[in-house]
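Summary of structural features
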Amino acid sequence: MVTYTFLAVFLCLMGYVTYFEFALSEQFINNPYNKRQELFTQKVIRGEIYSADGVTLAETIVDAEENEVRRYPCARIFSHIVGYSGHGTAGLEATANFSLLRSNIFYGEKVVSDLQGEKSPGDSVYTTLNYELQLQAFDALGHYDGAVVVLEPQTGRLLAMVSKPDFDPNTIGEDWEELVDEDNDRSELLNRATQGRYPPGSTFKIFTTLEYLREHPEDYTDYRFSCSGEYTEGHKTIHCYNNARHGSEDLKEAFANSCNSAYSSIGLELDLAQFHAMCESMLFDTDLPVAIESSKSSFVLEEGADTSAVMETAIGQGQTLVTPLHVALITGAIANDGVLMSPYVIDHVSDDRGVLVEQYTGKEYGRLMSSEEAAVLKEYMGYVIEAGTGRQLSNDRYEVYGKTGSAEFSTSSKASHSWFTGFAHQDGKPDIVVTVIVEDSGVGSEYAVPIAQEIFDAYYIE
Amino acid sequence: MTNLIVELTKYLMIFFFALYTYEGFSAFRAKLSEKKRSRIYHRQLLLMYLIHLSAYLAVYAVTEDVKMVLFYLFQVLFTVIVMSCYHLLYENGSKLLVNHMCMLLLIGFIILTRLSFEDAVRQYVIAAGAFVLTLPVPYLVRSVGFMRRLTWLYAAVGLLGLLAVQLFGATSHGAKLSLKIAGISFQPSEFIKLVFVFFVACMLYERTDFLRVCLATAVAAAHVLILVLSRDLGGALIFFITYVVMLYVATKQLFYFAGGLLSGSIAAVIAYNLFSHVQIRVLAWRDPLSVIDNEGYQISQSLFAIGTGGWFGMGLYQGMPNRIPVVKEDFIFSAIAEELGGIFALCLLMVCMCCFFLFLNMAMQMKDQFYKLIALGLGVVYGFQVFLTVGGVTRFIPSTGVTLPLVSYGGSSLLASMMMFAIVQGLYVMRQDEGNADGSKNKKTGAKEKRKSGKTGFDSQVEKIS
Ligand SMILES: [Zn+2]
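Description of helix 13 (residues 272-281) of chain A
Each turn of an α-helix holds 3.6 residues, which means side chains three or four residues apart point in the same direction. All names here are of chain A. Buried within helix 13 we find Leu272, Phe275, His276, Met278 and Cys279. Looking straight down helix 13, one finds that the buried residues subtend no more than 160 degrees of arc, so they occupy a single side. A side-chain oxygen of the first residue of helix 13 lies 3.1 Å from the backbone nitrogen of Ala273; this N-cap is Asp271. Among the residues trailing helix 13, Leu283 stands out with phi positive, at a value near 75 degrees.

Some remarks on the domain arrangement of chain B
Residues and elements named next belong to chain B. Along its sequence, chain B is organised into domain 1 (2-135 + 280-465) and domain 2 (145-274). Taking only C-alpha atoms, the centre of domain 1 and the centre of domain 2 are 25 Å apart. Across the contact, 27 residues belong to domain 1 and 26 residues belong to domain 2. For the pair domain 1 and domain 2, the two sides together bury roughly 2500 Å², of which 79% comes from carbon and sulfur. Looking only at domain 1, the three residues that lose the most surface to domain 2 are Phe370, Leu373 and Ser412, adding up to 24% of its buried area. Put simply, domain 1 and domain 2 have one salt bridge between them.

Comments concerning the pattern of salt bridges
Enumeration according to the criterion identifies 20 salt bridges over all chains in this entry. Notably, a salt bridge pairs Arg157(A) with Asp347(A), separated by 2.7 Å at the nearest N-O pair. Placement of the pair is Arg157(A) in the loop between strand 9 (146-151) and strand 10 (158-164) and Asp347(A) in strand 16 (residues 346-350), with a sequence separation of 190 residues. In this structure, Arg157(A) and Asp347(A) share a single accessibility class: buried. For Lys67(B), the salt bridge goes to Asp65(B), with nearest N and O atoms at 3.1 Å. For Lys67(B), a relative accessible area of 38% puts it in the partly exposed group. Several salt bridges share partner residues, and in doing so they unite Arg46(A), Arg70(A) and Glu93(A) into one network.

Looking at the nonpolar core
A general trend in soluble globular proteins is that nonpolar side chains are found buried together. Counting residues in hydrophobic clusters, the biggest one holds 173 residues, and the most contacted among them are Phe17(B), Leu376(B) and Tyr382(B). The dominant element in this core, judged by the number of residues it contributes, is helix 15 (residues 342-365) of chain B, at 18 residues. Here this core spans two domains, and each of domain 1 (2-135 + 280-465) and domain 2 (145-274) of chain B adds at least three residues to it. The residues touching Leu376(B), leaving out its near neighbours within four places in the chain, are Val2(A), Val245(B), Met246(B), Val249(B), Leu360(B) and Ala363(B). In this structure, Ala90(A), Met282(A), Val290(A) and Ile334(A) belong to the second largest nonpolar core, which totals 121 residues.

Considerations on the sheet that holds strand 3 (residues 56-62) of chain A
Residue and element names in this part refer to chain A. Strand order in the open sheet formed by six strands is 4-3-2-8-16-17, with mixed pairing between adjacent strands. Taken across any chain shown, the strands that pair with only one partner, and hence form the sheet edges, are strand 4 (68-71) and strand 17 (356-359). Pairing of strand 16 with strand 17 involves three bridges; the strand directions are antiparallel. Bridging across to strand 17, Ser350 finds its partner in Leu356.

Some details on the coordination of the zinc ion
Residues and elements named next belong to chain A. Within the protein, the zinc ion binds to Cys227 (SG), Cys240 (SG), His246 (ND1) and Cys259 (SG); these donor distances fall in the range 2.0 to 2.3 Å. Between the four donor atoms coordinating the zinc ion, the angles at the centre fall across 106 to 113 degrees, so the site counts as tetrahedral. Of note, the donors binding the zinc ion are all from one chain and are spaced C-x12-C-x5-H-x12-C. Here Cys227, found in strand 11 (residues 225-227), pairs with Cys259, found in the loop between helix 11 (251-257) and helix 12 (260-269); they are 32 residues apart in sequence, far enough to count as distant.

The rules behind the values
Residues numbered from 1 in each chain as written. Chains lettered and ligands numbered in written order. Predicted model: local features only at pLDDT ≥ 70, side-chain atom pairs only at ≥ 80, totals over all residues. Heavy atoms only, no water. Buried < 20%, exposed > 50% of the residue type's maximum accessible area, 1.4 Å probe, protein only. Helix = DSSP H or I, 4+ residues; strand = E, 2+ residues; numbered from the N terminus. Arc of directions from axis to C-beta. Polar contact = N/O pair within 3.5 Å; in protein donor to acceptor, adjacent residues only side chain to side chain. Domains from an automatic or database assignment. Contact = heavy atoms within 4.5 Å. Buried area = accessible area lost by both parts, 1.4 Å probe. Salt bridge = Lys/Arg side-chain N within 4 Å of Asp/Glu carboxyl O. Core = buried A, V, L, I, M, F, W, Y, C linked by side-chain atoms within 4.5 Å. Pairing = 2+ DSSP bridges. Donors = N, O, S within 2.8 Å, 3.2 Å for Na, K, Ca; no water. Tetrahedral: all angles 85-135°; square planar, octahedral: opposite > 155°, others 65-115°.

Printed below as a string of structure tokens:
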């Protein structure tokens, strides 16, 4: 019996080791902490990165003396999402490092190059990124700092991701000292689309509305509020934008008007514990399901918070911070009937001759809200375009749903970040989500909305 | 060119070692004629030399250092001497066990040469010394009769030895393991494992009444407790499992076995809640990547090594095994998997299993209950230690920090392991003598005995005797 028990234990161990080599090892090989990836650079020439429409985003040039130089033909346009390889790695160069350094060419060919002491060509990475949209977003953001995210809500494919200020990955070596200098407060290397944490401003009213829907599933349509341009509770007064008087409005109208008075009063009615739990389930304080470097959004309103904190949080001021990608993902879930698709950037990997090595497809992250809730939010966001702060996006070529915002980020000045997040639909084309933040500009409708419009137009109107 | 040699020898070594392992298991087959069996052993020997030669070809190709050639020749000489001595002095010993012992030692030399030449040389010197020291052991096992009467001496040596480590030992990697006497540092627990097996065998071979079991259990528990206090979790587990299995076989009562395992589990839960270092190990086991900067660093590096090496390995000197902390001792298996490949590592595991079954088979065949328990106890110590180290570095179980016998770097571990193999070798020799004595007394039973052992297929020598 002792023999058989031990035999069984040993067989389990051997089975596990086999399973590890077959299935589990990939996740460990790919880990950025695994310095062994560097070993591959001695045997393989780093592969190329392409956009979905076939534009080369990164390639390795080998000169006559066999010196290898990594080149980025699109330079600054894709700086954050494609990243760089040289001074460490970042962006796709980091996440796809292992794929780029692996050569899946025919084994015999590899043995031959081994014999001749030559390097094998690495596999190529084909991304979901759309060159035209990326260029459009890059140009539209212009000289402003900020970020743009464009993705397909039904699949999770990331079509464009711009962050400014940017850097030139071709000269990362020469510029390195300056980029990481202590006195440099521009943080060009930071991918603001995934790592920048901003106050959400009025885009946060999406979450406040959702919480209100959950607490009033039957009678939310009965909601009424009379706006006099400001709302006071205790020592705290909240003003509507430009002190505009919105008059008598229901929930949908308050949302479309982005009425701060109505929403700060709604905030005071909410069950804060439940509000907090809802936000956690909406990816606050959670790692976003994305392979590139990202930061967590934070929602800090606890049960028993004081009146002014509650009022500010409900309208997207206060301590709450979000990343643009997070906002885009929530918008995507609304567009996709409440189901969030995990975003992805690598469509497939092929070897040097174009033979497919691995194909990636969209994966469902999970349901964030019921399809009824998604439908109500979609209707409200449609009304923002129809009769609210996003009227200029209204057109007869495609339907738009969205929410604008302007977030004050400094107590001393009136300057604010301008937000827009929304999605559009046209029969025969996949929907797209566009999330824009323009730093230190002004109201959303003036700065962020036109950028979103250029991207929608570029996508839906050839 | 270097590249070619490294790549080529890599595949050759995998091929030869797979064959070697296959031969090792085929020797277990019943109904093998003496001639065929002897041919298997010779083929194994040839394969062993081929693996060794391939490895040092690669080593030389990379280092281009003449001292590697010299070292290689010394190792060949060592192997030839070990083989000849065992075959001449202990004609009735198990050739399979000698082969495996040499194979494991040589694999240890190969990978240690790659990791650190100085340490490999040191290991070689210790192995040579250990060989000289342990050569008479099989003879002693057979001829010294009073071994079974030293019960309390074993207990005293064991407990005092462990206590000395707990009180005066040097701490390394969070555990107290070694003592320094006259400038030489050694790990008493490696030897006390053997002494402990002798103690339990002495206690239980004659009588297994309740009082006797209680007494044995109390002393065994004291051993385990001191080890837990020294934070030597691996050691504590080995002592515990060894005792439970020996107790079960001695008493044949499942109740003791189940009771032992149950109390062990309860103790493990208590230890988990009581000691933070136990919790850290478990945390690092469950999700090593989440704590990669601290607790999970070692196991993560080990998994990177095994994973990146893949089935065929990176080739000697082509990986980064030195990035794994304590690679020469506790994580030698990961280094082997990284550079020599997953297939090679699995074969290594199977060779270790083969040794373990040889130990257990010995236990089943011994008639004298004392020797039976010795063989069993040593087998469990060996087998469980292999399981702990391989399971630990591959994240099958939480890492406990034990060495791979005969392969890992370390004088105490090496000497104790060689001693263990020598004792079992002594039992093999004695087992044949038993058969011989039976045969001269009664030819009929002797013949029966022959058929019986022929069926189990382990000792071809019986045929020669009758
Ligand atoms: Zn208002």
